[in-house]
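What follows is the residue order along each chain.
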Amino acid sequence: MKNTFFIILCCLICTLCIGQSKVYWIHGYKSSGYFWSDYRSTITPSSNRGNYIDWNPNQSISTIANEIDKDNIATESSRAILVGHSAGGLVARQIQKKDSKVKAVITAGTPNNGAGIANSVYSYNYYNVLDKTLDKANNTINYTMMAATNCAPPVSWLIAPLSSIATIALPVVETIVISPALDSLERYINQQYRNDVTLMDMRSNSAFISSLNSSSPSVPILSIYGAEDTWPLLRLLASLNGETSETQYFSYIYQADNIINQACSIYDSVYDALKWPAIIMPWIWATRELVPSSKSKWKDVGTYIDYDIHNEYSEMVGAFHLETRTYTSGWWIFKKTYTETVKVYEDHDGMITEKDAKLNKTNVKNVKVQGVNHMEMGNNYKMREILTNA
């Protein structure tokens with residue numbers, strides 16, 4: 001439940017604040033201290049609120065941690081509690097290893113074992129997912145137009161003008177819109193992310209992660225990680241663009257589903273309508289059988305939008321594992337047993353997976369918060385309501 005986050009956070013911080021510890025709020029990668037504004041003003045008393053800690057990326061996490069410690073914590077006489085979101089949690093843990101004043105660390109959505117999504121930036125997996133999505137839609141349209149072109153008269157006469165327009169327009173759209181858009185996205189990610197030293201440290205195979213996890217922490221660490229319920233990619237995008245955009249994003253999906261369902265209904269109507277002309281013009285039977293195959297392609301697009309693209313995004317962030325399963329088919333002497341390796345998809349918060357965040361060390365408590373995505377950990381409206389009514 002969403003309030004689990006608050007119950008644990010409030011109890012731990014309030015308990016430690018009795019001993020006059022100061023709380024430091026550390027934001028995530030390319031974020032700002034404002035991310036923690038709700039919690040800082042609501043949970044901690046004014047004397048213990050500490051500071052928002054702002055930091056800039058494109059430095060090693062060790063360098064960032066040293067600068068924050070030197071400028072903030074090392075100069076204070078009071079004990080410190082560090083609360084870090086995402087990469088900020090890695091910064092907090094690194095500070096704790098160096099400064100004995102730190103008595104507790106809370107991480108939220110932190111890739112304690114490295115981030116699968118950071119690995120994908122360097123392996124171009126993000127590009128492959130987008131490219132496959134566009135190819136899926138493009139191939140479906142091409143197949144539909146091919147089927148229309150191969151219709152028998154008189155259907156082919158009626159469809160010919162539309163087919164000619166599509167044959168000219170689709171390559172133009174591909175050349176002028178789609179390819180440049182993907183190229184621009186690739187250049188942007190290369191410029192903004194692939195050469196960022198901070199992101200390099202966040203990879204699961206980085207020397208920094210190996211060093212950070214080489215020993216158990218000497219103080220209590222609470223690692224909180226989210227698990228989005230449905231359509232994690234869209235929910236994450238909605239959170240990034242504000243709460244009101246969630247309805248907008250989901251409406252796009254519902255509209256796409258509605259268009260596909262209407263197209264399938266048209267295919268059914270055309271299929272039924274061609275039954276009677278085919279009695280008089282038998283060659284139309286061949287045309288008629290092209291209709292279900294085109295309908296099937298569009299249904300595949302609908303399935304891809306509703307399910308498969310989210311599974312592929314889960315693969316991109318590393319939220320899956322392989323399992324070997326045994327199946328049986330047939331009957332009696334024809335019975336056969338075979339094994340198949342399948343992908344099993346796991347929970348993630350839109351960016352960080354459970355295996356990224358879960359830290360199996362002594363002095364660490366791992367807490368899973370169901371239904372909360374990566375960007376909701378700091379300012380979800382339901383969380384604010386819980387704090388207000390607490």
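Residues numbered from 1 in each chain as written. Predicted model: local features only at pLDDT ≥ 70, side-chain atom pairs only at ≥ 80, totals over all residues. Heavy atoms only, no water.

### A look at the side chain of E228
At step 1: Here E228 lies in the loop between β5 (221–227) and α10 (232–240).
At step 2: In terms of polar contacts, E228 uses its side chain to reach the side chain of N373, at 3.3 Å. (Helix = DSSP H or I, 4+ residues; strand = E, 2+ residues; numbered from the N terminus. Polar contact = N/O pair within 3.5 Å; in protein donor to acceptor, adjacent residues only side chain to side chain.)

### Describing the environment of T303
At step 1: Tracing the sequence through the fold places T303 in helix α14 (residues 290–317).
At step 2: With 46 residues separating them in the primary sequence, T303 and D257 have C-alpha atoms 9.1 Å apart.

### With respect to a nonpolar patch on the surface
At step 1: Together, W331, W332, I333 and F334 make up a nonpolar patch on the protein surface, roughly 620 Å² of accessible area in all.
At step 2: For W331, the location among the structural elements is in the loop between β6 (320–329) and β7 (336–345). (Patch = residues over 30% accessible without salt bridge, like charges linked within 9 Å, V, L, I, M, F, W, Y side chains within 5 Å. Areas by Shrake-Rupley, 256 points an atom, 1.4 Å probe, with all protein chains shown as cover. Salt bridge = Lys/Arg side-chain N within 4 Å of Asp/Glu carboxyl O.)

### Structural notes on the nonpolar core
At step 1: Counting residues in each nonpolar core, the largest one holds 39 residues, and the members touching the most others are L82, V91, I95 and M202.
At step 2: Not counting the four nearest positions on each side in its chain, I95 is found in contact with I26, A65, I68, D69, I73, L82 and V102.
At step 3: Membership of the second largest hydrophobic core comes to 17 residues, among which are V23, W25, Y39 and V372. (Core = buried A, V, L, I, M, F, W, Y, C linked by side-chain atoms within 4.5 Å. Buried < 20%, exposed > 50% of the residue type's maximum accessible area, 1.4 Å probe, protein only. Contact = heavy atoms within 4.5 Å.)

### With respect to helix α5 (residues 116–123)
At step 1: Of all eight residues in α5, six are buried; the element is thus mostly enclosed.
At step 2: For α5, the complete set of buried residues consists of G116, I117, A118, S120, V121 and Y122.

### Quick notes on the side chain of T353
At step 1: Residue placement: T353 occurs in the loop between β7 and α15 (354–357).
At step 2: When its relative accessible area of 1% is taken as the criterion, T353 is described as buried.
At step 3: Of the polar contacts made by the side chain of T353, one reaches the backbone nitrogen of D356; its length is 3.0 Å.
At step 4: For T353, the contacting residues outside a window of four places in its chain are V317, G318, A319, D347 and H348.

### Brief notes about the packing of helix α3 (residues 61–73) against helix α4 (residues 87–98)
At step 1: Where α3 contacts α4, the two axes come as close as 9 Å, and the packing angle between them is 65°. Between α3 and α4, the angle falls in the class roughly perpendicular. For the pair α3 and α4, the crossing hand works out as right-handed. Only L90, V91, Q94 and I95 of α4 make contact with α3, whose side of the interface consists of I61, S62, I64, A65, I68, D69 and I73.
At step 2: A per-class count over the contact of α3 with α4 returns eight nonpolar, two polar and one charged. (Axes fitted to C-alpha atoms, helices over the stretch in contact; angles between N-to-C directions. Parallel < 35°, antiparallel > 145°, perpendicular 65-115°, else oblique. Left-handed = near helix turned anticlockwise from the far one by under 90°. Nonpolar A, V, L, I, M, F, W, Y, C, P; charged D, E, K, R; others polar.)

### With respect to the pattern of salt bridges
At step 1: Under the definition given, this model contains six salt bridges.
At step 2: For D268, the salt bridge goes to K295, with nearest N and O atoms at 2.8 Å. Of the two residues, D268 sits in helix α11 (residues 245–273) while K295 sits in helix α14, which places them 27 residues apart along the sequence.
At step 3: By relative accessible area, which is 34% here, D268 ends up partly exposed.
At step 4: Between K368 and E354 there is a salt bridge, and its shortest N-O distance comes to 3.7 Å. In this pair, K368 is assigned in strand β8 (residues 364–370) and E354 in helix α15, connecting sequence segments 14 residues apart.

### Quick notes on the packing of aromatic side chains
At step 1: With the rule as written, the count across this model stands at three aromatic pairs.
At step 2: Ring centres of W25 and W36 lie 5.6 Å apart, and the angle between their planes is 45°; on these two criteria the pair is classed as tilted. Here the residue W25 occupies a position in strand β1 (residues 22–26), and W36 occupies one in the loop between β1 and α2 (37–42), the gap between them amounting to 11 residues. A single burial state applies to W25 and to W36, both of which are buried.
At step 3: Residues F35 and W36 carry aromatic rings whose centres are separated by 5.3 Å and whose planes lie at 90° to one another, so their mutual orientation is edge-to-face. Like W36, F35 is buried. (Phe/Tyr/Trp six-rings, centres within 6.5 Å; stacked < 30°, edge-to-face > 60°.)

### With respect to the sheet that holds β1
At step 1: On the basis of which strands lie adjacent, the open sheet formed by six strands has the order β2-β1-β3-β4-β5-β8 and parallel pairing. In this open sheet, the two strands that pair with only one neighbour each are β2 (52–53) and β8.
At step 2: Pairing between β1 and β2: two bridges, direction parallel. Bridged to I26 within β2 is I53.
At step 3: Contacts from α4 reach β1, β3 (80–85), β4 (102–108) and β5 within the one sheet, and its direction differs from that of β3 by about 150°. (Pairing = 2+ DSSP bridges.)

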